[in-house]
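Listed below are the residues making up each chain.
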Amino acid sequence: MAVAVGDSVRRILERGVAEGAFPGAYAVVGTRAGIIAEYGAGQLDQNDPTRPTNRTVWDLASLTKVIGTTSAMLQLVGSGRVALDTPVVRYLPEWRAPGAERVTVRHLLTHAAGLPAWRALYKEAGDRSEAVRQVFATSPDTLPGMRMVYSDLGFILLGQLVERVSTESLDAYDVRHVFAPLGMQETRYLPPASWRARTAPTEVDPWRNRHLRGEVHDENAAMLGGVSGHAGLFSTAHDLARFARMYLNGGVLDGVRVFDSSTVATFTRAQQPALSHRALGWETPNTRNSAGSQLSPSAFGHTGFTGTSIWMDPERDLFVLLLTNRVNPTRQSTGIGGIRTALADAVAKALAPAAGAGR
């Protein structure tokens, strides 16, 4: 089984490199008990022939929403410090934009708040404080709960909410309450300069006029100081495999519980199936996203703009992690979508006989 999975992972990643989907990639497939197969393909950059390893540091982009912000929210909800159906303005009274009073925490977590998908804060604001004020000045453009629009702005607000309720900065909260207890020593916002040599470079950025390496790719996250609810985290395959195993174990790993199991079940279940496939923070399979066509309905996962993705399937006891720098040297590369679905489908098919034998 492990050989078949490993062969599938190697074949698909090497295909991605050959087709120019990314310069380098690292994938890990595992269960709650450990890793089945992992493989690194390609190189970190055209000018850096280093082959990716499980200690290569990657810009997670929107995986920040689930690894960082959703983790904090899951803990705050599980402990009763935040209620899902409470209006967000109860926690963030400075969000005074018209219509904000109708938006609940659940609306933000499911991208159903009616907020715009995005706005160019990095062009509109001169510093972090002004960027935050711009977010608080943003109104929903539709009634909450009427449609799903994937919104970075909603998760920027959730990051602010975490800080307000916990009285800790988002980065400090995540390290203290999630990453450190899980032994995730290489997961953080604002990675130190000492990590730079093993960090996969991202884009040659026309806004900052330099090739980015070790600083957040997302322009709005950069304007927000590198720490935001929607983007900013960096991590390694080693750390994220531990995170995935914890989720498959219902919130506990190596005897350390970081999440309440019943809250995990709530957060990973689609909230309004008639409206969208979104769980709380997470997304679930819908035959069109990066889950592919083989994972079970209980699976949940997410993607990141830089070429990252993670899927976990409790029914199959399976996680599939893919880390790439597909925006290197430009974000115009579009081959990552096919690689993501091919990887998920190939792994699930390679494991199908074993999965069937256990039922």
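Since this is a predicted model, take the numbers as computed values, not measurements. (Residues numbered from 1 in each chain as written. Predicted model: local features only at pLDDT ≥ 70, side-chain atom pairs only at ≥ 80, totals over all residues. Heavy atoms only, no water.)

(A) Region of interest: the sheet that holds strand β2 (residues 35–42). The antiparallel open sheet is built from five strands, whose spatial order is β2-β1-β12-β11-β10. Of all strands in the sheet, those bounded by a partner on one side alone are β2 and β10 (300–304). Taken pair by pair, the neighbouring strands of this sheet meet at an average axis angle of 5°, ignoring direction. Of the strands in this sheet, β10 and β11 (308–313) touch helix α2 (residues 63–78), which is tilted by about 120° from β10. Relative to the sheet, helix α9 (residues 237–248) contacts β1 (24–30), β2, β10, β11 and β12 (318–324), its axis offset from that of β12 by approximately 155°. (Pairing = 2+ DSSP bridges. Helix = DSSP H or I, 4+ residues; strand = E, 2+ residues; numbered from the N terminus. Axes fitted to C-alpha atoms, helices over the stretch in contact; angles between N-to-C directions. Contact = heavy atoms within 4.5 Å.)

(B) Representation of the environment of Q185 within the structure. Following the sequence through the fold, Q185 ends up in the loop between α7 (170–179) and β4 (188–189). Relative accessible area serves as the criterion here: at 59%, Q185 is assigned to the exposed category. Each C-alpha atom of the pair Q185 and Q271 lies 33 Å from the other, and the pair is 86 residues apart in sequence. Ignoring sequence-local partners within four residues, the contact set of Q185 consists of A180, W195 and D239. (Buried < 20%, exposed > 50% of the residue type's maximum accessible area, 1.4 Å probe, protein only.)

(C) Structural view of the layout of surface pockets. The space that makes up the largest pocket amounts to roughly 260 Å³. Along the wall of the largest pocket there are 16 residues; nearest its centre are W118, D152, D218, E219 and F305. For the lining of the largest pocket, a count of residues per class yields six nonpolar, five polar and five charged. (1 Å grid on protein atoms, 1.4 Å probe; cavity = no way out; pocket = protein on both sides within 12 Å on 5 of 7 lines; lining within 4 Å. Points joined across faces, edges and corners; volume = space filled by probe spheres on them. Nonpolar A, V, L, I, M, F, W, Y, C, P; charged D, E, K, R; others polar.)

(D) Representation of the packing of aromatic side chains in the model. Throughout the structure, instances matching the rule amount to seven aromatic pairs. Ring geometry for Y122 versus W207: centroids 4.8 Å apart, planes at 65°, classification edge-to-face. Taken together, the residues Y122 in helix α4 (residues 121–124) and W207 in the loop between β5 (204–205) and β6 (210–211) connect sequence positions 85 residues apart. You can call Y122 buried: its relative accessible area is 12%. The rings of F243, Y247, F259, W282 and F300 are connected pair by pair, giving a single aromatic cluster. Directly above the aromatic system of W195 lies the positively charged group of R198, at a separation of 5.5 Å from the ring centroid. Looking at R326, its charged tip hangs above the ring of F305, at a distance of 4.4 Å from the centre. (Phe/Tyr/Trp six-rings, centres within 6.5 Å; stacked < 30°, edge-to-face > 60°. Lys NZ or Arg CZ within 6 Å of the ring centre and 35° of its normal.)

(E) Representation of the pattern of salt bridges in the model. Inspection of the entire model under this criterion finds 21 salt bridges. Two residues, D7 and R10, come together in a salt bridge whose shortest N-O distance is 3.8 Å. With D7 and R10 both in helix α1 (residues 2–18), this residue pair falls three residues apart, about one helical turn. The partly exposed category is assigned to D7, whose relative accessible area is 35%. Notably, a salt bridge pairs R15 with E19, separated by 3.5 Å at the nearest N-O pair. (Salt bridge = Lys/Arg side-chain N within 4 Å of Asp/Glu carboxyl O.)

(F) The side chain of T199, seen in detail. Take T199: it is sitting in the loop between β4 and β5. Setting aside anything within four residues of it in sequence, one finds T199 in contact with L44, V57, R213, G214 and F234.

(G) Structural context of the packing of α2 against α9. Contact geometry of α2 with α9 gives a least axis separation of 13 Å together with a crossing angle of 35°. The chirality of how α2 crosses α9 is left-handed. Residue-level inspection shows V66, I67, S71 and L74 of α2 in contact with α9, the latter providing L240, F243 and Y247. Across the contact of α2 with α9, the residue classes break down as six nonpolar, one polar and no charged. (Left-handed = near helix turned anticlockwise from the far one by under 90°.)

(H) Spotlight on the packing of α2 against helix α6 (residues 152–166). The geometry of α2 relative to α6 is characterised by a closest axis approach of 10 Å and an angle of 45° between their N-to-C directions. Compared by their axis directions, α2 and α6 come out oblique. α6 is crossed by α2, and the crossing has left-handed handedness. Contact residues: K65, T69, T70, A72, M73 and L76 in α2; D152, F155, L158, G159, L161, V162 and V165 in α6. Here the contact of α2 with α6 is composed, by residue class, of eight nonpolar, three polar and two charged. (Parallel < 35°, antiparallel > 145°, perpendicular 65-115°, else oblique.)

(I) Geometry of the environment of G40. Here G40 shows up in strand β2. Residue G40 is classed as buried on the basis of its relative accessible area of 7%. The spacing of G40 and F300 is 260 residues in sequence and 24 Å in space, taken between C-alpha atoms.

(J) Molecular detail of unusual backbone geometry. Going from N328 to P329, the amide bond is cis rather than trans, its omega being 0°. Along the chain, P329 turns up in the loop between β12 and α11 (336–357).

(K) Spotlight on the pairing of β10. With four of five residues buried, β10 is to be regarded as a mostly interior element. Relative to β11, β10 runs antiparallel, the two sharing five bridges. Note on β11: the bridge partner recorded for T303 is S309. Turn length for the β10-β11 hairpin, with the two strands adjacent in sequence and antiparallel, is three residues, and the turn residue G307 shows positive phi of about 115°.

As far as function goes, none of this settles anything; it's purely spatial.
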